[in-house]
Structure formats: structure tokens, C-alpha cells
Amino acid sequence: MKRFYKRCIIQGYKGLDSAQMIEDKVPMLRSSGQVLVKVHSTSMNPLDKRMADGYGQEVLNSVRKLEAECLSEPKKSEFPLVLGRDFSGVVIDTTDNKYKVGDEVFGASFPTKMGSHQELVVVDTNSLVHKPKNIHHSDASCVPYAGLTAWAALVTTGGLLSSPKGSCRVLVLGAGGGVGYLATQLALHHQAEVIGVAGPEYEEHVKATGAQYLNYKQDNYARDLISLSGFDIVLDCAGFGSKSADLAPLLRTRGCVVTLDSPLLKLTDAQGLMAGGVNTMLELLESNMKTVGNGQTIRWAYFAPNKQALQKMSDLLAGGELKPLISKSYPFSDILTAYKDFQHEKQKGKVVINM
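Residues numbered from 1 in each chain as written. Predicted model: local features only at pLDDT ≥ 70, side-chain atom pairs only at ≥ 80, totals over all residues. Heavy atoms only, no water.

Draft legend 1. The pairing of strand β14 (residues 326-331), seen in detail. As defined by bridge partners, β14 adjoins strand β15 (residues 350-354) across 5 bridges and the pair is classed as parallel. Looking at the pairing, Y330 lines up with I353 of β15. This β-α-β element, β14 to helix α11 (residues 335-344) to β15, shows right-handed connectivity. (Pairing = 2+ DSSP bridges. Helix = DSSP H or I, 4+ residues; strand = E, 2+ residues; numbered from the N terminus. Right-handed = clockwise from strand over helix to strand, strands pointing away.)

Draft legend 2. Geometry of the sheet that holds strand β10 (residues 212-215). With parallel pairing, 6 strands are arranged side by side in an open sheet as β10-β9-β8-β11-β12-β13. Single-partner strands in this sheet number two, and they are β10 and β13 (297-300). If you compare each strand with its neighbour and ignore which way they point, the axes differ by 20° on average. Summarising the sheet, strand β8 (residues 169-173) and strand β9 (residues 193-198) pair through 5 bridges and their orientation is parallel. Looking at β9, one finds that V172 is bridged to G196. The strands that helix α4 (residues 144-157) touches are β8, β11 (231-236), β12 (251-259) and β13; relative to β11, the one it contacts most, it runs at about 155°. (Axes fitted to C-alpha atoms, helices over the stretch in contact; angles between N-to-C directions. Contact = heavy atoms within 4.5 Å.)

Draft legend 3. Summary view of the packing of helix α2 (residues 57-70) against helix α8 (residues 264-271). Running from amino to carboxyl end, α2 crosses α8 at an angle of 85°, the nearest separation of the two axes being 7 Å. When the interaxial angle is binned, α2 and α8 end up roughly perpendicular. Contacts between α2 and α8 involve Q57, E58 and V59 on the former and, on the latter, L265, T268 and D269. (Parallel < 35°, antiparallel > 145°, perpendicular 65-115°, else oblique.)

Draft legend 4. Just a nonpolar patch on the surface, in detail. Taken together, the side chains of M274, V278, L282, L285 and M289 define a hydrophobic patch exposed on the protein surface, amounting to about 560 Å² of accessible area. Here L282 is to be found in helix α9 (residues 273-289). By relative accessible area, which is 47% here, L282 ends up partly exposed. (Patch = residues over 30% accessible without salt bridge, like charges linked within 9 Å, V, L, I, M, F, W, Y side chains within 5 Å. Areas by Shrake-Rupley, 256 points an atom, 1.4 Å probe, with all protein chains shown as cover. Salt bridge = Lys/Arg side-chain N within 4 Å of Asp/Glu carboxyl O. Buried < 20%, exposed > 50% of the residue type's maximum accessible area, 1.4 Å probe, protein only.)

Draft legend 5. Highlighting the packing of aromatic side chains. Tallying each qualifying case throughout the model produces 3 aromatic pairs. Between Y13 and F79, the aromatic rings sit 4.9 Å apart at their centres with planes inclined by 65°, giving edge-to-face as the arrangement. Taken together, the residues Y13 in the loop between β1 (4-9) and β2 (20-25) and F79 in the loop between α2 and β4 (86-94) connect sequence positions 66 residues apart. With relative accessibility at 21%, the residue F79 sits in the partly exposed group. An aromatic cluster of at least three residues, connected via ring pairs, comprises F110, Y145 and F303. Positioned over the ring face of F231 is R169, at 4.6 Å from the centre of the ring. (Phe/Tyr/Trp six-rings, centres within 6.5 Å; stacked < 30°, edge-to-face > 60°. Lys NZ or Arg CZ within 6 Å of the ring centre and 35° of its normal.)

Draft legend 6. Molecular detail of the pattern of salt bridges. The final tally for this structure, using the stated rule, is 12 salt bridges. Close ionic contact of R7 with D24 constitutes a salt bridge, the shortest N to O distance being 2.9 Å. Taken together, the positions of R7 in strand β1 and D24 in strand β2 put the pair 17 residues apart, joining distant regions of the chain. R7 gets classed as buried once you look at its relative accessible area, which sits at 8%. Overall, the relative accessible area of 28% leaves D24 in the partly exposed class. Via salt bridges that share partners, E67, K113 and D124 belong to a single interconnected network.

Draft legend 7. Just α2, in detail. Spanning 14 residues, α2 covers 20 Å between terminal C-alpha atoms, matching the ideal 20 Å at 1.5 Å per step. Within α2, the full set of buried residues consists of V59, L60, N61, R64 and A68. Looking at the packing, one finds that the buried side of α2 touches α1 (46-52), α8 and α9. The first or second residue beyond α2 is S72, which carries a positive phi of 55°. (Expected span 1.5 Å × (residues − 1).)

Draft legend 8. Local environment of the side chain of K350. With respect to the secondary-structure elements, K350 resides in strand β15. Within the structure, K350 has its side chain in polar contact with the side chain of D86 (distance 3.5 Å). When near neighbours in sequence (up to four residues on either side) are disregarded, K350 contacts S43, M44, N45, D86, C142, L325, I326, S327 and K328. (Polar contact = N/O pair within 3.5 Å; in protein donor to acceptor, adjacent residues only side chain to side chain.)

Draft legend 9. Geometry of the pairing of β10. Taken together, the 4 bridges between β9 and β10 define a ladder with parallel strand orientation. Paired with I195 across the two strands is Q212, which belongs to β10. Of the crossover connections in this fold, the one passing from β9 over helix α6 (residues 203-209) to the parallel β10 is right-handed.

Draft legend 10. Summary view of the nonpolar core. Core analysis: the largest hydrophobic core is formed by 67 residues, its most contacted members being L154 and V170. Sorting elements by how many residues they give to this core places α4 first, with 8 residues. If we ignore the near neighbours within four places in the chain, the residues touching V170 are L154, L160, A187, A192, E193, V194, I195, F231 and I233. The next biggest cluster of nonpolar side chains, apart from the first, holds 17 residues, and it includes V197, L214, A248 and L251. (Core = buried A, V, L, I, M, F, W, Y, C linked by side-chain atoms within 4.5 Å.)

Next comes the structure, spelled out in C-alpha cells:
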């Protein structure tokens, strides 16, 4: 094994344009249940851009401190920080007997952990599964973070699987984005009736999933959307956030609006953990006070590691029932260019970095 490897890092919260490439010593596995993965492909998520600007630092640094205390390790600065959550690659070292050197794996690391925009990454084995043999690394690397976020929203928070197959109606706002596109396919796999809302540039892709498509830029969009009311789940992947309660009239009785744009990290960054946490809960309570009379709820969802869900998505990938939408691919040697493009250009699909 070589002694040094390349990493793309940021040294402060100054945006993606401040990233730089460095060489570092190969990391060592320090506890059980870990693998060292040689990354073949990774991808970019909107979270990378936000984290590079400091988004979520209050909560994430508090969790990092707690993790260090639990392991009896000294708390270190988060810098140099490697961005990137998704990876697909090959195991080159392991302390878990369920994985051996040479295994092809893919997964997503939690945002408190070091990211995947580097040639080698240490990963807890609860954050990965074996990659399907018939799926290329570049495709596999587009699924874990967005897919697990979609799963957390639809299943863990929205209760999709508690409904009999074929009985659920789902509205996905932002169906052309990384999370929304996979959420649309996951809901369709459960035989839900799915309406996907996206811009006209995504019409072909949303229709190809089998979902009904609505163009939010059309003049009759609001009228058409209201005519389709009666959803069990309205999934907000479009940034409605604190205004998501305005979507409640589209629900059936006991339906729920699930938004991925919770104010938690924004408020804790601005107000600190205590005040930000309290005001976050007050905002959620206020949103639900508007809808509780109709048995409808407003819920917030967050990415969470889920090995069983990731294995399910692996099976769907292998069977051709789950397909990511890729916009651009860059070699790792051009990752700084990829960062600049991602910072300043709107992407139609996932951006992949191949090693």
C-alpha cells in the first residue's frame, strides 16, 4: 500500500472556491467495525456547498465533540475538512469480518465524519453495503446520500411502508432534483400514485419514471395541482421549509407534509444550540397548530444512516428499478474545477467525481 494519498480539503468556511488539493499519510483503522475504502467514484450534493459556507457547524461540531468524548479522544478542529458524503469503491483494509479486502462497496458517511472527496476514506460499516456487480461505481456513488434522505422522508418520517401497496398518493415537489428523483422512484416501487413537480427541463426524466408530471412554470399549474388534492404524503424537496404548512390543503385527512428544509441548522448557527433548538421546536409546533384540527401534520426529515434501506436500494439498483440522474462527470484531478462549476452553475442531475 502506498504511504500517501490525495485529499481535497477546505481550511475554513470560505466556500467551495477556497478548496485545495493536498497529500497526506494513509489513514489507519482505529476501531472495530471500520473499513478503509479506495474510492473509485464519489459525487457532490447541495450539502457540500452549504457546509463549505459553514452551514450546520454548531450542531455538527457539538456532535463531533460528543463522539470524541465517547471514544476518549481529544477534540480536534474539524479542519482540514473533506467534503463529500457518497462513495463507491473497493475495500483495502478492514476490522470487520463481514467485509474483506477486494470487496466492492458503496455508501454515505454522516456529515460529522470526514468526507469522500479523497482517494481513501475510513468508513463505519453501518454506513455501507456491497455494491451490485452489474452497477458501475459512478452510478452507485450517486445514490446513497440522496437515496437515504429520500428514504428518511418517505418511509421513516412519512410512513410510506405502513400503507398497503397501491393505496398511497404521493406528491413530490422538486422531483427533478437528486433527492426528489430518487424519492419518486422509491414511492413508485411501493406502487404509490406519484405526481412529480419539476421544471420543464426535467419533464422527460420524471415521466420516464412512470410518475405523472406537473410543470410548476405553467400558468395553470396551481389549478391543476389543487384538482389533484388528496395526497397521503406531500414531500417538499423544493425548499418550502417554514412555508410547508401552506401545502396542507393538498392533503387527505391524516396526511402529512414532509419537508427536507428544516430550520434547525440555520437557527442553531445563528442563535446557538439552546436558543436555536428551542425556536426550532416552537416553529414546528406553530406549523402543526394550523393543521392539527384536520388530523394533518407537518414533519421534518433529515438524512440518517440506514443499512437496511441502503441494501434495499442496492437491490433496486441491481434490478434496474432505481436509476440516478447524472449531469456531469469530472476526473478527481479536476475536482477544483468541479467545485467552481458546482458553486456557480445550476446542475441538471448529479455531479460525479471519478478517481
